[in-house]
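# Chain and residue survey
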Amino acid sequence: MFRQTAFGIALSTLVLASALLSNSIVGQTSTKKSEYSKVLSMSSPRVTSPVTIKPTDLEKSVFDQINRYRASKGLPKLSLNGKISQQARIHSQNMARGKVPFSHQGFVRRVGAIPIRYRSAGENVAFNLGYSDPAQEAVTGWLHSPDHLVNIKGNYNMTGIGVATNSEGEVYLTQIFLRSNRYQRLSAHKKRR
């Protein structure tokens, strides 16, 4: 549904969504879970020629751009975690293949499948078509959206990024953010010294 609307506007389209899950710990159910989802559609009149897209390069680019932004705001950099990236990649692949809609569908299950105890989690997703640098377009869109900035600037210490494309040239990007319990214990220990 989101794709049809977005692609009716222009070929070069960027669509974003953000979700947040607070105070959740793997293996426990909490009634304090708060989820929100908002979709932002942005269009550009410029259409670029098709480019060869290597998902792992785009994942690294998103990671680097987000950490540069966080550093510029005095926030600690996120560490990249392969297990988180695996779940982000699966979600992007499922969206690209049409197995799930462009959404946060399955977000709680996704973060629950990550074998890391966490205190909070968030997710940003985007898809675009027709941009020469899909990672830059997604990050730029996220940075201009207050809801996405909640996750980007959030009190997280770990992240994972997954990118997938389909035969139509659509690029799907998922970034999952986690605040691990381990990090909090280390931080508390350092403060006591």
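Up top you'll find the structure we're talking about.
Computed from a predicted model, the values in this text were never measured in an experiment. (Residues numbered from 1 in each chain as written. Predicted model: local features only at pLDDT ≥ 70, side-chain atom pairs only at ≥ 80, totals over all residues. Heavy atoms only, no water.)

This part covers the overall build of the protein. Secondary structure assignment for the protein yields 7 helices and 6 strands. Reading the protein from its N end, one meets helices and strands in the order α-β-β-α-β-α-α-β-α-α-β-β-α. Evaluated residue by residue, the protein yields a buried proportion of 47% over its 193 residues. Considering only contacts within the protein whose residues lie at least 6 apart along the sequence, 75% involve residues at least 24 apart. (Helix = DSSP H or I, 4+ residues; strand = E, 2+ residues; numbered from the N terminus. Buried < 20%, exposed > 50% of the residue type's maximum accessible area, 1.4 Å probe, protein only. Contact = heavy atoms within 4.5 Å.)

Among the secondary structure elements, R179 is positioned in strand β6 (residues 171–180). Here R179 is buried and forms no salt bridge, its nearest opposite-charge partner E123 lying at an N-O distance of 19 Å. Here N155 takes part through its side chain, which lies 3.1 Å from a polar atom of the side chain of R179. (Lys, Arg positive; Asp, Glu negative; His and termini not counted. Salt bridge = Lys/Arg side-chain N within 4 Å of Asp/Glu carboxyl O. Polar contact = N/O pair within 3.5 Å; in protein donor to acceptor, adjacent residues only side chain to side chain.)

Moving on to the pattern of salt bridges. What the rule picks out here adds up to 3 salt bridges. Between R89 and E59 there is a salt bridge; the shortest N-O distance is 2.8 Å. With R89 in helix α3 (residues 82–96) and E59 in helix α2 (residues 55–72), the pair connects residues that are 30 residues apart, well separated along the chain. Here R110 and E123 are joined by a salt bridge, their closest N and O atoms 2.8 Å apart. In this pair, R110 is assigned in helix α4 (residues 107–112) and E123 in strand β4 (residues 118–129), connecting sequence segments 13 residues apart. We classify R110 as buried; its relative accessible area is 3%.

What follows covers helix α5 (residues 134–143). Inspection of α5 places P134, A135, A138, V139, G141 and W142 among the buried residues, and these make up the whole buried set. Viewed along the axis of α5, the buried residues span an arc of 160 degrees, placing them on a single side of the element. (Arc of directions from axis to C-beta.)

This part is about the packing of aromatic side chains. Counted under the stated rule, the structure contains 4 aromatic pairs. Where F102 meets F127, the ring centres are 5.0 Å apart and the plane angle is 75 degrees; that geometry is what we call edge-to-face. Of this pair, F102 sits in the loop between α3 and α4 while F127 sits in strand β4, and the two are 25 residues apart along the sequence. The exposure classification of F102 matches that of F127, with both residues buried. Judged by relative accessible area, which is 6%, F102 ranks as buried. Taken together, the ring pairs connect F102, F127 and Y172 into an aromatic cluster. (Phe/Tyr/Trp six-rings, centres within 6.5 Å; stacked < 30°, edge-to-face > 60°.)

So, on to the packing of α2 against α5. In contact at an axis separation of 9 Å, α2 and α5 are set at 35 degrees when each is read in the N-to-C sense. For α2 against α5, the interelement crossing comes out right-handed. Of the residues in α5, those touching α2 at L58, S61, V62, Q65, I66 and Y69 are P134, A135, Q136, V139, W142 and L143. A breakdown of the residues in the contact of α2 with α5 according to their chemical character gives 9 nonpolar, 3 polar and no charged. (Axes fitted to C-alpha atoms, helices over the stretch in contact; angles between N-to-C directions. Left-handed = near helix turned anticlockwise from the far one by under 90°. Nonpolar A, V, L, I, M, F, W, Y, C, P; charged D, E, K, R; others polar.)

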